[in-house]
Amino acid sequence: LHRIQEKMPSACFAQLTAEGGLLEEKHPWLQDEISKGPAEKIFRRKVPDVVQEIAKGYKCAKTYLHLPEALDFAEAMKEVKACVGDAWEVREIKQLLPKMHNCCEVQSSRVNKADGLRELCQVAGIPLDQVWAFGDDLNDVRMLSEVGWGVRMANHLPALNGIGKDITDFSNEADGVARYL
């Protein structure tokens, strides 16, 4: 993340951690009235610099990167990928918060929902073929494919068409999981 910060000084960071979410005080999500409330729910702690803060020893899950000055976002994502290397995935995101643009997530290629769910099921003694999972994004493909009953949310990305066994009539924001169940 330091390399991204050096190469792209206008980049704004948000971080999911085991301790909760971190968000930079200057982040545009906090300046926009529509995004502010949802952002504060996910990223509860505001800090001056996320990269410096996580260096203190947080257990990090995923980094969200907003590139407000990127005129060619696809090219900017390639630059981010060059900064982080092959051990990390860089994906554009559009659905985390309202009015998102020029945002991507950076996550270790070794971490994914399918493996985490499989490990949890092993510990709990639950066969994976008896598990239901819900998803809406590309990082849900393996999970939806490998569980017994994978369900796409109504607001899923088109790339998920045909993945899993069913689709809800409702989005995440409209309590699609609860209504489906």
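Check the entry above for the structure.
How each quantity is defined
- Residues numbered from 1 in each chain as written.
- Predicted model: local features only at pLDDT ≥ 70, side-chain atom pairs only at ≥ 80, totals over all residues.
- Heavy atoms only, no water.
- Helix = DSSP H or I, 4+ residues; strand = E, 2+ residues; numbered from the N terminus.
- Rg over C-alpha atoms; globule rule 2.2 N^0.38 Å.
- Buried < 20%, exposed > 50% of the residue type's maximum accessible area, 1.4 Å probe, protein only.
- Areas by Shrake-Rupley, 256 points an atom, 1.4 Å probe, with all protein chains shown as cover.
- Lys, Arg positive; Asp, Glu negative; His and termini not counted.
- Charge placed at Lys NZ, Arg CZ, Asp CG, Glu CD.
- Salt bridge = Lys/Arg side-chain N within 4 Å of Asp/Glu carboxyl O.
- Pairing = 2+ DSSP bridges.
- Axes fitted to C-alpha atoms, helices over the stretch in contact; angles between N-to-C directions.

Caption draft 1: Structural view of the overall build of the protein. If you tally the helices and strands in the protein, you get eight helices and nine strands. A compact globule built from 181 residues should have a C-alpha radius of gyration of about 16 Å, and the protein, at 17 Å, falls within 12% of that. Counting all 181 residues of the protein, 42% fall into the buried class. Only carbon and sulfur atoms are counted for the fraction: they give 53% of the accessible area of the protein, which is about 10,200 Å². Taken as two groups, the 23 positive and 28 negative side-chain charges of the protein have centres that lie 2 Å from each other.

Caption draft 2: Looking closely at the pattern of salt bridges. Counting across every chain of the model gives twelve salt bridges. A salt bridge links Lys56 to Glu53; the shortest N-O distance between them is 3.1 Å. A residue is classified by how much of its surface remains accessible, and Lys56, at 63% relative accessible area, is exposed. The network of salt bridges with common partners includes Lys62, Arg91, Glu105 and Asp137.

Caption draft 3: Looking closely at the sheet that holds strand 4 (residues 60-66). Pairing in this open sheet of six strands is mixed, and the strands run 3-2-1-4-6-5 from one edge to the other. The sheet is open, and its two edges are formed by strand 3 (45-47) and strand 5 (88-92), each paired on a single side. For this sheet the average axis-to-axis angle between neighbouring strands, irrespective of direction, equals 20 degrees. Pairing of strand 4 with strand 6 (residues 103-108) involves four bridges; the strand directions are antiparallel. Bridge pairing links Tyr64 to Glu105 in strand 6.

Caption draft 4: Looking closely at the environment of Asp169. Mapped onto the secondary structure, Asp169 falls in the loop between strand 9 (166-167) and helix 8 (176-180). Given the relative accessible area of 69%, Asp169 is considered exposed. Linking Asp169 and Glu105, residues 64 residues apart in sequence, is a C-alpha distance of 27 Å.

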